[in-house]
Amino acid sequence: MPDVIAINEVTVRKGENKEINLNIARLPTQTVIDLPIFVYRAAEDGPTISVTAGLHGDEINGIETIRRMIYNQSIIPHAGTVIAIPVVNVYGFIHTSRKFPDGKDLNRSFPGSSSGSLAGRIAHVLMNEVVPHIDCGIDFHTGGASKENYPHLRCNFDFPRSLELARAFAPPFVVNSKAPDHSFRKAAALQGKPILTFEGGESLRLHDFSIRQGIDGILRLMKHLGMKNSRVANGETRVLPGSRWRRAQYSGLFRASVRIGEQIRRNQVLGYIADPFGETDYKIKAQSDGYVIGLNNMCVVNKGEALIHIAAEGGEK
Ligand SMILES: [Zn+2]
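Please read all numbers here as calculations on a predicted model, not as lab measurements. (Residues numbered from 1 in each chain as written. Predicted model: local features only at pLDDT ≥ 70, side-chain atom pairs only at ≥ 80, totals over all residues.)

**Describing the overall build of the protein chain**
Summing up its helical and strand segments, the protein chain has six helices and 19 strands in all. Radius of gyration (C-alpha) of the protein chain: 20 Å, near the 20 Å computed for a compact globule of 317 residues. Based on the C-alpha atoms only, the size of the protein chain along its principal axes is roughly 70 × 50 × 35 Å. For the protein chain, buried positions account for 45% of its 317 residues. For the protein chain, the proportion of contacts with a sequence separation of at least 24, taken over those separated by at least 6, is 64%. (Helix = DSSP H or I, 4+ residues; strand = E, 2+ residues; numbered from the N terminus. Rg over C-alpha atoms; globule rule 2.2 N^0.38 Å. Buried ≥ 20, exposed ≤ 12 C-beta atoms within 10 Å, placed from the backbone. Contact = placed C-beta atoms within 7 Å.)

**What about helix 1 (residues 61-71)?**
Along helix 1, the positions that sit buried rather than exposed are Asn-61, Gly-62, Ile-63, Glu-64, Thr-65, Ile-66 and Met-69. A positive backbone phi angle near 65° is found at Gln-73, which sits one or two residues after helix 1.

**Observations regarding the sheet that holds strand 13 (residues 252-256)**
Taken together, the four strands give an open sheet; going across it, the order is 16-15-13-18, and neighbouring strands pair in antiparallel fashion. Only two strands of the sheet have a single neighbouring strand rather than two, namely strand 16 (281-285) and strand 18 (300-301). Here strand 15 (residues 269-274) pairs with strand 16 via five bridges, running antiparallel. Paired with Gly-271 across the strands is Ile-284, a residue of strand 16. (Pairing = 2+ DSSP bridges.)

**Things to note about the pairing of strand 3 (residues 17-26)**
Here nine bridges tie strand 3 to strand 4 (residues 32-41), and the two strands are oriented antiparallel to one another. When the bridges of strand 4 are listed, Lys-18 appears paired with Val-39. A loop of five residues connects strand 3 with strand 4, the two strands running antiparallel in sequence, and Gln-30 in this loop sits at a positive phi of about 80°.

**Some thoughts on the domain arrangement of the protein chain**
Taken as a whole, the protein chain is organised into domain 1 (4-238) and domain 2 (241-312). A separation of 31 Å is found between the C-alpha centroids of domain 1 and domain 2. Taken residue by residue, the interface counts 14 residues in domain 1 and 14 residues in domain 2. Of all the secondary-structure elements, those providing two or more residues to the side of domain 1 that touches domain 2 are strand 8 (147-155) and strand 9 (173-176). (Domains from an automatic or database assignment.)

**Section: helix 6 (residues 208-224)**
Between its first and last C-alpha, helix 6 extends 24 Å over 17 residues, near the 24 Å set by a 1.5 Å rise per residue. By the burial criterion, the buried members of helix 6 are Ser-210, Ile-211, Gln-213, Gly-214, Ile-215, Gly-217, Ile-218, Leu-219, Arg-220, Leu-221 and Met-222. Its buried side turned inward, helix 6 meets strand 5 (44-53), helix 1, strand 7 (136-143), strand 8, helix 4 (160-169) and strand 10 (195-202). Of the residues trailing helix 6, Gly-226 is marked for its positive phi of about 75°. (Expected span 1.5 Å × (residues − 1).)

**Some words on the packing of helix 1 against helix 6**
For the pair helix 1 and helix 6, interaxial distance at closest approach is 9 Å and the crossing angle is 50°. Taken together, the axes of helix 1 and helix 6 lie oblique to each other. Between helix 1 and helix 6 the crossing geometry is right-handed. Between helix 1 and helix 6, the contacting residues are Asn-61, Gly-62, Glu-64, Thr-65, Arg-68 and Met-69 on the first element and Ser-210, Ile-211, Gly-214, Ile-215 and Ile-218 on the second. Per-class residue counts for the contact of helix 1 with helix 6 are four nonpolar, five polar and two charged. (Axes fitted to C-alpha atoms, helices over the stretch in contact; angles between N-to-C directions. Parallel < 35°, antiparallel > 145°, perpendicular 65-115°, else oblique. Left-handed = near helix turned anticlockwise from the far one by under 90°. Nonpolar A, V, L, I, M, F, W, Y, C, P; charged D, E, K, R; others polar.)

**Overview of the environment of Pro-111**
Its location among the elements puts Pro-111 in the loop between helix 2 (90-94) and helix 3 (118-130). Expressed as a C-alpha distance, the spacing of Pro-111 and Ile-122, which sit 11 residues apart in the sequence, is 9.3 Å.

**Notes on the packing of helix 4 against helix 6**
Two numbers describe how helix 4 lies on helix 6: the axes approach to 7 Å, and their chain directions differ by 120°. If you check the angle between helix 4 and helix 6, you find them oblique. Residues Leu-165, Ala-168 and Phe-169 of helix 4 form the contact with helix 6, whose participating residues are Gly-217, Arg-220, Leu-221 and His-224. For the contact of helix 4 with helix 6, a count of residues per class yields four nonpolar, two polar and one charged.

Encoded structure:
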């Protein structure tokens, strides 16, 4: 572990904790917009992890997860370094929006560039100021657009180190998923740095169970990496090799008859789609056994819309 690390030319020595305010840009009113980065360095050698949230500015659960750990100081390692960025997409957070003012999705703007769009510039800052220091990271998300996720980690099972870290984090589910192109996870993986994507809850809502799963997971991961020895209960994890969205075959009113986290069996009725005039009411039946890891809470749906996200223990990828 290096004696000194530098982020935005601010140096942090072993044994030091620092808040670094990295100037990103200005609002049209000229108010300066900073990206606050919190660096916690133990005196004792150990790995460096990043903990990031709010890449999508309306996904607040992860922001609250990191905030709680900063507030109660549980984020501070006894060995190694934690780099915490609770609100990566400051613009989206201000506007309670997933994206940047120009419509760019930060998590599809990696690795970015210093002369690109605002989202691309922030991606570039992460890739150049943070990723070179880390051994691995956790990036917090929630479901988007009225979709609610049961707490789980997404990682690519082709990389044994990612799966090992995910098992150490031990959320209720670990789901195999390839990183989307131009995502933070993919860009970091190309530099040999595993980032695990945590999903839990829904945008613009706090979901306490997901937040507690996130905190416990970080503490378990730090324990696994020898960074901190917290008293945290072991997690019970199901490792699921694939997942698939069940989509609406009709337009109409959607009622789910399952809850997120629930185990389902093939042919079980998962929900209904009815027309609003009381003439038809179609059953949606499970095509396989599995677990409900995500659910659309929107009750008016169009044909083709994603309704129920099911992760399966066998074959389905
Ligand atoms: Zn997200």
